[in-house]
Amino acid sequence: MASSMLYGAENLAIIRGRAYPNGLGFNGSDLHGKKSFLKINLASGNSNLRGISKRLIVPKCSVSVPRPASQPRFIQHKKEAFWFYRFLSIAYDNVFNPGHYTEDMRDEALEPADLNSRDMIVVDVGGGTGFTTLGIVKHVDAKNVTILDQSPHQLAKAKQKEPLKECKIIEGDAEDLPFKTDYADRYISAGSIEYWPDPQRGIKEAYRVLKIGGKACIIGPVYPTYWLSRFFADMFMLFPKEEEYIEWFEKAGFKDVKITRIGPKWYRGVRCHGLIIGCSVTGVKPVSGDSLLQLGPKVEELRKPVNPFVFLARFLVGVMAAGYYAMVPIYMWLKDQIVPKGQPI
């Protein structure tokens, strides 16, 4: 994996491939977005390339140090994310989502979750308008699915979707889930981790609520390598690196941790700008009970007093950065239309 080579991750191994039509799959792209003939998924464990030689890839655009995940971006605090989605929910499904998270991407991202029984108990954390939940209920009875989100405005959109009428829909915090330990067969979260002030705490909660042998599936962003995209990503929200996902899962206690890369087909495998939805990360809970990982107090409390001027300044800067990422898929679509097929964009 190019990013693991670049950032020095030692616990990533290439394990298996998947073919994509016309070479547009994201599993074979490098840091510049150029196509590679090796289609890969990523998994935790000791590095074992089975005869494939490692090669260090250090593009010019990747020499600066990204902001640490421990320093929240401007739309990563819960209050800012709440108001951001207060307005975004108006056009989320019809305007914003199609450029970053298509139905094909959703189905591909859910495939590693192994939704293989209609009787499974599934929690969709950060389920928002129910876009991902629509993919879940193709495989699981809606009465067995709970949608949780902190935004009542997003959940109001989910309640309007006919296939989700039998789902349980509740407001809640991904870092403090209202479910008992060993409750669910599957934990799904798509497009939510980027707004968690403490991703490790959220993934620890995913571990807790799952039954033994249950599987967590987190679908989220990937960090950009192009300098301008990095600049706006570090202002906007959390864009984790792939090895950070694996580290969070392993620290929480998950086993058999794997990453599947996804992305819009018109990007032709380009990942240098980062992706709002760029990977599906899965892990299996090996034993019952809570995670053994010990964490301190929560990074952020929703009811903590906030200076209104600081809040407004952070919010406006974050929204400006979001505007950049609203333009990226349009830019990539135009390039896809102009550049002949088979050539890198």
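Residues numbered from 1 in each chain as written. Predicted model: local features only at pLDDT ≥ 70, side-chain atom pairs only at ≥ 80, totals over all residues. Heavy atoms only, no water.

As annotated in an unreviewed UniProt entry, the protein carries the name MPBQ/MBSQ family SAM-binding methyltransferase profile domain-containing protein and comes from Lactuca virosa. Under the heading Sequence similarities (unreviewed entry), UniProt records this for the protein: "Belongs to the class I-like SAM-binding methyltransferase superfamily. MPBQ/MBSQ MT family." (UniProt positions renumbered as here; feature names shortened; annotations may be inferred.)

J.: Help me understand the overall build of the protein in this model?
T.: The helix and strand tally for the protein stands at 10 helices and 9 strands. Relative to its 345 residues, the protein shows a buried fraction of 57%. (Helix = DSSP H or I, 4+ residues; strand = E, 2+ residues; numbered from the N terminus. Buried < 20%, exposed > 50% of the residue type's maximum accessible area, 1.4 Å probe, protein only.)

J.: Honestly, the nonpolar core in this entry has me stumped. Any pointers?
T.: Considering soluble globular proteins, one finds that nonpolar side chains tend to be buried as a cluster. Y187, I203, I219, F236, F254 and Y325 are the most contacted members of the largest nonpolar core, which totals 77 residues. Contact partners of Y325, with chain neighbours within four places excluded, come to H100, P224, S229, F232, A233, F236, F239, H273 and I276. (Core = buried A, V, L, I, M, F, W, Y, C linked by side-chain atoms within 4.5 Å. Contact = heavy atoms within 4.5 Å.)

J.: Any chance you could explain a nonpolar patch on the surface here in plain terms?
T.: There is a patch of nonpolar side chains on the surface, built from M327, I330, W333, L334 and I338 and spanning about 530 Å² of accessible area. Mapping L334 onto the fold places it in helix α10 (residues 308-338). Taking the relative accessible area as the measure of exposure, L334 reaches 43% and is therefore partly exposed. (Patch = residues over 30% accessible without salt bridge, like charges linked within 9 Å, V, L, I, M, F, W, Y side chains within 5 Å. Areas by Shrake-Rupley, 256 points an atom, 1.4 Å probe, with all protein chains shown as cover. Salt bridge = Lys/Arg side-chain N within 4 Å of Asp/Glu carboxyl O.)

J.: I keep staring at the pattern of salt bridges and nothing clicks. Help me out?
T.: Note on pairing: side chains with opposite charge can pair once their charged atoms come close. Counted under the stated rule, the structure contains 16 salt bridges. Where salt bridges share partners, they join R106, D107 and K138 into one cluster.

J.: It is not clear to me how the side chain of D185 should be interpreted in this structure. Could you clarify?
T.: Following the sequence through the fold, D185 ends up in strand β6 (residues 184-190). A distance of 2.8 Å separates a polar atom in the side chain of D185 from the backbone nitrogen of I121. At a separation of 3.5 Å, a polar atom in the side chain of D185 contacts the side chain of K211. Excluding its chain neighbours within four sequence positions, the residues that come into contact with D185 are D119, M120, I121, L210, K211, G214 and K215. (Polar contact = N/O pair within 3.5 Å; in protein donor to acceptor, adjacent residues only side chain to side chain.)

J.: What is the right way to look at unusual backbone geometry in this model?
T.: Peptide bonds are trans in most cases, and residues, glycine excluded, mostly fall at negative phi. Notably, D256 is not glycine yet its phi reads approximately 55°, a positive angle. Note on placement: D256 falls in strand β8 (residues 255-261). Taking relative accessible area as the criterion, D256 reaches 43% and is therefore assigned partly exposed.

J.: Explain the packing of aromatic side chains to me, please; I cannot follow it from the model alone.
T.: Geometrically, a pair of aromatic rings is defined through the distance of the ring centres and the angle of the planes. Within this structure, the stated rule accounts for 11 aromatic pairs. When the centroid spacing of 6.0 Å and the interplanar angle of 55° are considered together, the rings of Y226 and W227 count as tilted. With a relative accessible area of 29%, Y226 lands in the partly exposed category. Note on W227: relative accessible area 52%, which makes it exposed. Their ring planes at 15° and their centres at 4.4 Å tell us that F232 and Y324 sit as a pair that is stacked. (Phe/Tyr/Trp six-rings, centres within 6.5 Å; stacked < 30°, edge-to-face > 60°.)

J.: Would you take a moment to explain the pairing of strand β3 (residues 122-125) for this structure?
T.: The side chains of a regular strand alternate between both faces of the sheet. Of the two faces of β3, the one holding V122 and D124 and the one holding V123 and V125 are both buried throughout. The pairing of β3 with strand β4 (residues 145-149) spans 4 bridges and is classified as parallel. Paired with V122 across the bridge in β4 is V145. One ladder, built from 3 bridges, connects β3 with β6; its direction is parallel. What sits directly across from D124, in β6, is I188. (Pairing = 2+ DSSP bridges.)

J.: Can you help me understand helix α9 (residues 242-252) in this one?
T.: α9 sits mainly inside the fold: 8 of its 11 residues count as buried. Taken residue by residue, α9 has E242, E243, E244, Y245, I246, W248, F249 and A252 as its buried positions. Where α9 ends, the next residue or the one after it, G253, has phi of about 115°, a positive value.

J.: How should the packing of helix α7 (residues 199-209) against α9 be read in this particular structure?
T.: Remark: α7 packs on α9, axes separated minimally by 9 Å, with the N-to-C direction vectors making an angle of 50°. Here α9 runs oblique to α7, going by the angle between their axes. Between α7 and α9 lies a crossing of right-handed hand. Judged by residue contacts, P199, Q200, I203, K204 and Y207 of α7 engage E247, W248, F249, K251 and A252 from α9. Looking at the contact of α7 with α9 residue by residue, the classes come out as 6 nonpolar, 1 polar and 3 charged. (Axes fitted to C-alpha atoms, helices over the stretch in contact; angles between N-to-C directions. Parallel < 35°, antiparallel > 145°, perpendicular 65-115°, else oblique. Left-handed = near helix turned anticlockwise from the far one by under 90°. Nonpolar A, V, L, I, M, F, W, Y, C, P; charged D, E, K, R; others polar.)

J.: Explanation requested: the environment of E247 in the structure shown.
T.: Along the chain, E247 turns up in helix α9. Assessed through its relative accessible area of 37%, E247 is described here as partly exposed. When the C-alpha atoms of E247 and V257 are compared, they prove to be 9.4 Å apart, with 10 residues separating the residues in sequence.

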